[in-house]
Each structure stands twice: as C-alpha cells, then as structure tokens.
Amino acid sequence: MALRSLDNTMPLTPERPKKSIKVSNSIAKPNPKPKQPVDPNVNDENIAPLDPVAPAVDSVDYVSSEDLKPLSDPDVKFQGLIEGLESKDWLKICDSLNDVRRMALFHSTLLLPILEKVLLILVKAMKNPRSALCKTSIMAASDLFKSYGDKLLESTTCDAVDHMMLQLLLKASQDKKFVCEEAERTLKTMVAFIAPIPLLHKLKGYVSHGNMRVRAKAAVSISHCVSKMDVGEMRDYGVVLLVQMAAELLKDRLPEAREAARGVVVVIHKVVMEEEGSEEEEEKEKEKWQNFCQENLSAIDALAMVKLVASQ
C-alpha cells in the first residue's frame, strides 16, 4: 500500500500576535488631607514630638578674692551656713562656699568654731565630679590659707588639712585645665601663707607617694617652700634632710619633679658653702660639697649631686 504524500497535509496556521497590554503609570492618588495645626497641649501618639526647648544652663560666677565684699549680715549667714554647705543642690553649695570665703576674709572669727567641719566639706566638694563645684571649693581653700595661715596646722584641724592638701595635689595634676590651674595657684598661696618648716614636714610625705603626678606637684611646692627659707630656717629644719629629699626627687620619672629638685639642690649648695662663713677656692668648694654629699647620701646619689652642681 502506497503512503500518502506529505504534500496533502494541512498547513500550520500561524499564531496571531498577542496585543500588549498598556499599563498606565498614572495611578490616581488620594488628595492629601490639609495639615491641621498642632496643639502643643494635646498628647497625640501619632504626631511626631516637637523639639523640646533647651533648658537654661546653670552657671557659676568665679569671683576673685580681690572682688569679694564683706557680708552685710554675717551672723544671719552664719546660722544657715552648714545647712547650705550640706545641701543637695550644688548651686546652693557654691553660694555657701562663697559665703565661707567672705567670712574667712572679712569675718574670720565666725568660722573658727566650725573650721574643721568646713575644711572637711571643702574636701568633699573637691572630690565632686562637677568641675564648677570643685573649682569653687579650691578657691575657698585659697582664701582659708590667706586668712588662717599656720592656724590650719593646729591639732584640731590638722587631719582635715592633710586631706585637703592631698586633694589640691591631685587636682593640680589632673587634665581639666581650669581646675588644674586653680589648684596650682592655691598651692602657691599655701606656701606663701604657712610657715615653711611645718609645711615641709607635711609635704615630705608626698615625696614617695604612689601617684607620680602628685609627687611632681609636691616637689614644686617643696622647691617654692625652700626658696623662701633663710639659712637659719634651713638649718633648723635640717640641711641633710633637705638634700636627701632632693636626691630622691632627682630620680623621679617626671621631668617636673626632677626640675624642682634641681632648684632645691642649688639652694642647699649655697647654704653648705656658707657654713664656715668664708670664701674658699673653687677646688676646695668642690671638695667640700663632694664630702658633704658622700657623708649623707648613697654613692650613686652623691655622684649625681656633684655632677649637678658642676653643670650649673
């Protein structure tokens, strides 16, 4: 049987092209509602909060001692002084500290019965992390040194002064510049208004302090203290004690402490050379200084002292 020719098959019908559907981008958008005025007194959780008004910044005026005026009613101020100093409002404490300053400078007898308590409050304020309060307390300490001087080293207030001195040395060695500078000024005031011999006995304990910055600031105060002493006062305190203290500071890690110690050594050298009251030849002076150092210091410290004086 013969096969049918493929020519008799039905031709394939081509597919009609599909019409592309045009999609309009213009989608109808609802008309936005007009913005309603926001009533600040209405608490609507669907409304973004407005920027709050910045609160007023509390500030403290730092009044120099020269600009302070006497109190018009010192007895009335005194009655509420401790309450103000122990307030939980730091601004009120600052105001009370300024009252302490005025009383110390112009009404000093008022503070005498409570002086120890005031000193301890000052120490607490110096430890406060709020810099304005810390600086105000340091300024108050300066005025107490000016007004009471050696009285602060009496037995009733001695321990409180020790704590205050440590805080001043710590604040003088910290990074906040305006607090640091105020503490340094107060330490200079301390040296100026307290007799050098009892003050040196206080400062000597900080030569071996664990904080090297405290050692450096103590060394500076020691140098200032020695520079204001006359020969008689240095001999009364002990020239050997001074040279041993200076030798210890010359080995300190901080340049500030070493530089202060050099100043002490220069003064001690002059005193040692003047002990016999006659001028000597240069070679004899060198020998005398060398013998003095070798008698009172270790070999390595004595050598350092001799070299230091020779380099001057």
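Let us look at the structure shown here. (Residues numbered from 1 in each chain as written. Predicted model: local features only at pLDDT ≥ 70, side-chain atom pairs only at ≥ 80, totals over all residues. Heavy atoms only, no water.)

As for the overall build of the protein chain
The following threshold applies: Secondary structure follows DSSP: runs of H or I at least 4 residues long count as helices, runs of E at least 2 residues long count as strands, and numbering of each begins at the N terminus. Exposure categories follow from relative accessible area, calculated using a 1.4 Å probe and restricted to protein chains: below 20% of the type maximum is buried, above 50% is exposed, and the middle band is partly exposed. Residues count as neighbours in contact if any of their non-hydrogen atoms are within 4.5 Å of one another. Reported accessibility uses the Shrake-Rupley method at a 1.4 Å probe radius. Residues are deemed covered only where the shown protein chains occlude them.
A count of helices and strands for the protein chain gives 15 helices and zero strands. Of all 312 residues assigned to the protein chain, the portion counted as buried reaches 40%. Pairs at least 24 apart in sequence give 71% of the contacts found in the protein chain among residues at least 6 apart. Total accessible area computed for the protein chain in this model is approximately 20,100 Å², and 53% of it derives from carbon and sulfur atoms.

Details of the packing of aromatic side chains
The criterion, for reference: Here a Phe, Tyr or Trp ring, Trp counted by its six-membered ring, pairs with any other such ring whose centre lies within 6.5 Å, and the pair is stacked when the planes are under 30 degrees apart, edge-to-face when over 60, and tilted otherwise.
If you walk through the whole model with that rule in mind, you get two aromatic pairs. Relative to Phe178, the ring of Tyr62 has its centre 6.5 Å away and its plane inclined at 55°; by these criteria the two rings are tilted. Of the two residues, Tyr62 is situated in the segment before α1 (74–79) and Phe178 in helix α8 (residues 177–193); the sequence distance between them amounts to 116 residues. Taking the relative accessible area as the measure of exposure, Phe178 reaches 33% and is therefore partly exposed. Relative to Phe292, the ring of Trp289 lies with its centre 5.7 Å away and its plane at 25°, an arrangement referred to as stacked. Placement of both Trp289 and Phe292 in helix α14 (residues 282–296) is noted, with a separation of three residues, approximately one turn of the helix. Here Trp289 and Phe292 have matching classes, each one buried.

Notes on the packing of helix α12 (residues 239–250) against helix α13 (residues 255–273)
Cut-off, in case you're wondering: Axis definition: a line fit to C-alpha positions, over the contact stretch in the case of helices; interaxial angles, taken between N-to-C directions, run 0 to 180 degrees. Throughout, the term roughly parallel applies to angles under 35 degrees, roughly antiparallel to angles over 145, roughly perpendicular to angles from 65 to 115, and oblique to all others. Each helix crossing is assigned a hand: it is left-handed if the near helix lies turned anticlockwise from the far helix by less than a right angle, otherwise right-handed if that turn is clockwise. Each residue is assigned to one class: nonpolar for Ala, Val, Leu, Ile, Met, Phe, Trp, Tyr, Cys and Pro, charged for Asp, Glu, Lys and Arg, and polar for all the others, Gly among them.
For the pair α12 and α13, interaxial distance at closest approach is 8 Å and the crossing angle is 150°. Classed by the angle they form, the pair α12 and α13 counts as roughly antiparallel. Between α12 and α13 lies a crossing whose hand is left-handed. Here α12 contributes Val239, Leu242, Val243, Ala246, Leu249 and Leu250 to the contact with α13, which in turn contributes Ala257, Arg258, Ala261, Arg262, Val264, Val265, Ile268, Val271 and Val272. The residue makeup of the contact of α12 with α13, split by class, is 13 nonpolar, no polar and two charged.

Considerations on the environment of Val264
With respect to the helices and strands, Val264 occurs in helix α13. Between the alpha carbons of Val264 and Leu249 there is a distance of 9.9 Å; along the sequence they are 15 residues apart. Setting aside its immediate chain neighbours within four residues, Val264 contacts Ile222, Ser223, Val226, Leu242 and Ala246.

A short note on helix α9 (residues 196–204)
What counts is decided by this rule: It is the directions from the helix axis to the C-beta atoms whose arc is reported.
All of the buried residues along α9 are Pro196, Leu199, Leu200, Lys202 and Leu203. The buried residues of α9 occupy an angular sector of 160° when projected down its axis, which confines them to one face. Buried positions along α9 lie against α7 (158–172), α8, α10 (212–227), α11 (231–237) and α12.

Section: the side chain of His269
Summarising the element assignment, His269 is placed in helix α13. Note on His269: relative accessible area 17%, which makes it buried. When residues no more than four places from it in sequence are discounted, the contact partners of His269 are Trp289 and Val309.

Some remarks on the pattern of salt bridges
How we decide: Here, a salt bridge means any side-chain nitrogen of Lys or Arg that lies within 4 Å of a carboxyl oxygen of Asp or Glu.
Scanning the model with the defined rule gives 16 salt bridges in all. One salt bridge connects Glu181 with Lys177, and the closest N-O pair in it is separated by 3.9 Å. Residue Glu181 and its partner Lys177 are both found in helix α8; the two are separated by four residues, about one turn of the helix. The partner of Lys251 in a salt bridge is Asp301, and the shortest N-O contact between them spans 3.5 Å. Of the two residues, Lys251 is situated in the loop between α12 and α13 and Asp301 in helix α15 (residues 299–310); the sequence distance between them amounts to 50 residues. Taking the relative accessible area as the measure of exposure, Lys251 reaches 51% and is therefore exposed.

What to know about the packing of α10 against α12
Each packed pair of helices is defined by two parameters, the angle between the axes and the distance between the axes. Packing of α10 against α12 leaves a shortest axis separation of 11 Å and a crossing angle of 145°. In terms of crossing hand, the pair formed by α10 and α12 is left-handed. Mapping the contact onto sequence places Arg215, Ala219, Ile222 and Val226 in α10 and Leu242, Met245 and Leu249 in α12. In terms of residue class, the contact of α10 with α12 is made up of six nonpolar, no polar and one charged.

With respect to the side chain of Ser96
For Ser96, the location among the structural elements is in helix α3 (residues 90–106). The contacts of Ser96, once residues within four sequence positions are left out, are Leu81, Gly84 and Leu85.

Examining the environment of Leu168
Along the polypeptide, Leu168 turns up in helix α7. Along the primary structure Leu168 and Arg185 are separated by 17 residues, whereas in three dimensions their C-alpha atoms are 9.9 Å apart. Among residues more than four places away in sequence, those in contact with Leu168 are Met126, Ile138, Phe145, Ala183, Thr186 and Leu187.

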